[in-house]
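Chains, contacts and geometry: an overview
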Amino acid sequence: MKKFTLKAIFLMALLFVGFQLTGRGQDFYDGFTGTGDISNNNGWTIHSGTGIIPINSGSLVYTGLQAPVGNRVTIPGNNTAVSADVNASLTVGTVDAAYYSALINVIDNTQIKTSPDYFMSFGATSGAAVTILGARLGIKSVNTAANYRLCIGNTSGGTLTYTDFAQDLDFGTTYLVVVKYDRSVSPTVAYLWVNPTSLGGSEPTGFVSCNTGTSAFSTFASICIRNSSNTPKADIDEIRVGTTWAQVTPTGTVHYVATPVITPPAGVYTTPQTITMTCD
């Protein structure tokens, strides 16, 4: 019997053996590769208002996160001219909990008030009518409009009180925002991270949470962006939805697994190997 090093086995696998590549994915991803109005691209649908949310050239970037693809959207912060709510359908359905993440750059203090209002959320339906919303990502002005804070609300019903992420954020700076929504408990709970301490892997600490709303949430049917009377003038990019932390915070390295599926040439004996490759 001939003996081969792991390296030799791997080379033989490349030459003679089929293999399967499996990478990390998510339920939904949009890097905004189109142009024009978001409602005309990648399955987004307008469900309220008559304005547009434009796709503009250039991407937002966050160190450590996978490199961006495409462009970015801008919610204009001009409700009178371009009020619009849009959603894109999801397939995660009735899982207990789901995450969404986005890169967000609030350009200036246009329209932001001292009381919070939301500009992203999950929807319990999709398409032309979305009225039940969960995990509402809110924003409010602080320090006499010199800064802002992001905040989180779980759902409507009862007396919803948003929870601040206790960090005064700067206009013109890109932040990675991650939201988790657990619909399996009553009342439901929404969690918020801003620039989390770790990407990929397991969910870190450092979050704030909200469970003050009392309405139930039946299914993760859509991800929503809202431009309304108190929403900011902001760029949004790299939106991801998934059922794990790793899916919505992928690092700049993609890991693949190669698994041999047929026997090498005659005279060569190997035990099928599972080989991990790292590709930048």
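The paragraphs below set out a description of the structure included in this document. (Residues numbered from 1 in each chain as written. Predicted model: local features only at pLDDT ≥ 70, side-chain atom pairs only at ≥ 80, totals over all residues. Heavy atoms only, no water.)

**Some remarks on the overall build of the chain**
Our working definition: Secondary structure elements are taken from DSSP: a helix is a run of H or I of four residues or more, a strand is a run of E of two residues or more, and numbering for both begins at the N terminus. Throughout this description, buried means an accessible area under 20% of the type-specific maximum (1.4 Å probe, protein chains only), exposed means over 50%, and partly exposed covers the range between. For the area figures, the Shrake-Rupley method with a 1.4 Å probe applies, and any residue is considered shielded solely by the protein chains shown.
Of the regular secondary structure elements, the chain holds 3 helices and 19 strands. Buried positions account for 49% of the 280 residues belonging to the chain. In the structure as shown, the chain presents an accessible area of about 12400 Å², 52% of it carried by carbon and sulfur atoms.

**Looking at the pattern of salt bridges**
The condition that has to hold: Between Lys or Arg on one side and Asp or Glu on the other, a salt bridge is scored when a side-chain nitrogen of the former is within 4 Å of a carboxyl oxygen of the latter.
Scanning all chains against the criterion turns up 9 salt bridges. Measuring nitrogen to oxygen at the nearest pair gives 3.1 Å for the salt bridge that ties Arg72 to Asp235. With Arg72 in strand S6 (residues 72-76) and Asp235 in strand S17 (residues 233-242), this pair connects stretches of sequence that are 163 residues apart. Where Lys180 meets Glu203, a salt bridge forms, and the shortest distance between an N and an O atom there is 3.1 Å. With a gap of 23 residues between them, Lys180 in strand S13 (residues 174-182) and Glu203 in the loop between strand S14 (189-194) and strand S15 (208-210) connect regions that are remote in the sequence.

**Considerations on the sheet that holds strand S9 (residues 117-123)**
Put simply, the test is: At least two bridges found by DSSP between two strands are what make those strands a pair.
Across the sheet, 7 strands lie side by side as S4-S7-S16-S9-S10-S11-S12; this open sheet has antiparallel pairing. Here the strands that pair on one side only, and so sit at the sheet edges, are strand S4 (44-49) and strand S12 (163-164). The sheet contact formed by S9 and strand S10 (residues 133-142) spans 5 bridges and is antiparallel. Each residue of the ladder has a partner; that of Tyr118, found in S10, is Gly138.

**Side note on unusual backbone geometry**
A cis amide bond links Ser186 to the next residue, Pro187, at an omega of 0 degrees. In this fold, Pro187 is placed in the loop between S13 and S14. Even without a glycine there, the phi angle at Gln111 is positive, about 75 degrees. Within the fold, Gln111 resides in the loop between strand S8 (97-106) and S9. The phi torsion at Asn143 lies on the positive side, around 55 degrees, for a residue other than glycine.

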